[in-house]
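Each chain, letter by letter, is given below.
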Amino acid sequence: MNVFQNLVELYNHLSFESTYRNVCKGILENLKDASEGTVYDIAELTNSSRTTVWRMVQKMGYQNFSDFHHELKRAVKQYTYYNRLLPVEQCHSADLVKEALLQQTMQAYEEMRDEVDTDEVEQIAEELFHAERTVFYTPHKCSAVLSLQQNLAMSGRETAYYCLFPDMLEDSRHLTDKSIVIVNMIEHAETMDMEPVFESMKMQQAKIYGISDKYEKYLDRKLFTSDTKRVVRGVMLFDMYILMLSEVYRMKYIR
């Protein structure tokens, strides 16, 4: 999770009446001023109090305002490295962007064709059906996951989906050895340490399936071996894999 993903996810997650949502909105609309200001400056900028700013920072999973502000300042200063889907040399024209995306799409297709084991997908579908609970942890909402969640719910399975670090950490404490967690830790510029979440999942003996380079040692099953540094290809592969899993699950368990 990077600081921009955190801010956008929290903003989308909160109700229109939430004071924290207004703080997120104020920061996102005034990133340069917020990155250069103190907690008091941000409170004034967002028409809120210092306490409200501090509590919003906690909701994103930061231990203190200094950690949040350091990441925000770095992200604004080095924005070219954040939220970048393609290398800068492939972004000098719309034609180059199109060609680069088509190339990664073809690579995703080839990896899906050559690497994904359909027997394993059916096995995972069966495990989800018998799991006590299936949870998804990703940096942002994914329509493929929402599709699979609907199919799990239609067959009476318990399921949940979290994108914010504090929500993941809190949920992980309620997992059991009969829980399955599907994770996608592909990130554009990872700044937040997700180790506590993975440690908590392991402590509860939950099964962890997904993709991650940094946290691969925690995975009980790596869904595919794509280079997750190629963001577009990794995102496409994950989405296609989950959509396939969703359709296989529907075929097997929903009549």
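This text goes with the structure placed above it.
This section reports on the structure supplied with the text. (Residues numbered from 1 in each chain as written. Predicted model: local features only at pLDDT ≥ 70, side-chain atom pairs only at ≥ 80, totals over all residues. Heavy atoms only, no water.)

This part takes up the pattern of salt bridges. As enumerated under the stated definition, the model contains 16 salt bridges in all. One salt bridge connects Glu-120 with Arg-221, and the closest N-O pair in it is separated by 3.1 Å. One end of the pair, Glu-120, is in helix H8 (residues 118-130); the other, Arg-221, is in strand S5 (residues 221-222), and 101 residues separate them in sequence. For the residue pair Glu-120 and Arg-221, the accessibility class agrees, reading buried in each case. (Salt bridge = Lys/Arg side-chain N within 4 Å of Asp/Glu carboxyl O. Helix = DSSP H or I, 4+ residues; strand = E, 2+ residues; numbered from the N terminus. Buried < 20%, exposed > 50% of the residue type's maximum accessible area, 1.4 Å probe, protein only.)

This next bit is on the sheet that holds strand S1 (residues 133-137). In any sheet, the strands associate via hydrogen bonds between backbone groups, in a parallel or an antiparallel arrangement. A sheet is described by the order of its strands in space; here five strands give the open sequence S2-S1-S3-S4-S5, paired in parallel fashion. The sheet is open, and its two edges are formed by strand S2 (159-162) and S5, each paired on a single side. In this structure, S1 lies alongside strand S3 (residues 179-184), joined through five bridges in parallel fashion. Within S3, the residue paired with Tyr-137 across the bridge is Val-183. Along the sheet, helix H9 (residues 143-154) contacts S1 and S2; its crossing angle with S2, the most-contacted strand, is approximately 160°. Helix H10 (residues 165-172) contacts S1 and S2 of the sheet and is inclined by roughly 155° relative to S1. (Pairing = 2+ DSSP bridges. Contact = heavy atoms within 4.5 Å. Axes fitted to C-alpha atoms, helices over the stretch in contact; angles between N-to-C directions.)

Pairing of S1 with S2, which is carried by four bridges, proceeds in the parallel orientation. Following the sheet pairing, Val-135 is matched in S2 by Ala-160. Read as a crossover between parallel neighbours, the route from S1 over H9 to S2 is right-handed. (Right-handed = clockwise from strand over helix to strand, strands pointing away.)

With 13 residues, H8 should cover 18 Å at 1.5 Å per step; its first-to-last C-alpha distance of 19 Å lies within 8% of that length. Those residues of H8 not exposed but buried are Glu-120, Val-121, Ile-124, Ala-125 and Leu-128. Around the axis of H8, the buried residues are gathered within 145° of arc, so they sit on the same side. Exposed residues pointing more than 90 degrees away from the buried face of H8 are listed as Asp-119 and His-130. Two or three places before Asp-119, at the opening of H8, Asp-117 has a side-chain oxygen 2.9 Å from that residue's backbone nitrogen. (Expected span 1.5 Å × (residues − 1). Arc of directions from axis to C-beta. Polar contact = N/O pair within 3.5 Å; in protein donor to acceptor, adjacent residues only side chain to side chain.)

Now for the pairing of strand S4 (residues 207-211). Counting buried residues along S4, four of its five residues qualify, which places the element largely inside the surrounding structure. Sheet analysis places S4 next to S5, joined by two bridges and oriented parallel. Of the residues in S5, the one forming a bridge with Tyr-209 is Arg-221.

Geometrically, a pair of aromatic rings is defined through the distance of the ring centres and the angle of the planes. In the structure shown here, the tally under the stated rule is 10 aromatic pairs. Put simply, the rings of Tyr-62, Phe-65 and Phe-68 pair up and form one aromatic cluster. Just above the ring of Tyr-161 sits the side chain of Lys-141; from NZ or CZ to the centre is 4.8 Å. (Phe/Tyr/Trp six-rings, centres within 6.5 Å; stacked < 30°, edge-to-face > 60°. Lys NZ or Arg CZ within 6 Å of the ring centre and 35° of its normal.)

Positionally, Ser-246 belongs in helix H12 (residues 231-253). Side-chain polar atoms of Ser-246 contact the side chain of Asn-151, separated by 2.8 Å. With sequence-adjacent residues up to four places away left out, Ser-246 is seen in contact with Ser-147, Leu-148 and Asn-151.

The interhelical angle for the contact between helix H1 (residues 3-13) and helix H2 (residues 19-29), taken along N-to-C directions, is 140°, at an axis separation of 9 Å. Taken together, the axis directions place H1 and H2 in an arrangement best described as oblique. Where H1 crosses over H2, the two elements pack in a sense that is left-handed. Each of Leu-7, Val-8, Leu-10 and Tyr-11 in H1 lies in contact with H2, whose residues at this interface are Arg-21, Cys-24, Lys-25, Ile-27 and Leu-28. (Parallel < 35°, antiparallel > 145°, perpendicular 65-115°, else oblique. Left-handed = near helix turned anticlockwise from the far one by under 90°.)

It is worth spelling out the environment of Val-248 at this point. Within the fold, Val-248 resides in helix H12. With a relative accessible area of 12%, Val-248 lands in the buried category. Sequence-distant contacts of Val-248, that is, excluding residues within four places in its chain, are made with Val-121, Glu-122 and Ala-125.

Before going further, it helps to examine H1. Among the residues of H1, those classed as buried are Val-3, Phe-4, Gln-5, Asn-6, Leu-7, Glu-9 and Leu-10. Capping the start of H1 is the job of one residue whose side-chain oxygen sits 3.0 Å from the backbone nitrogen of Phe-4: Asn-2.

From the geometry alone we can't say anything about function, so treat these as descriptive.
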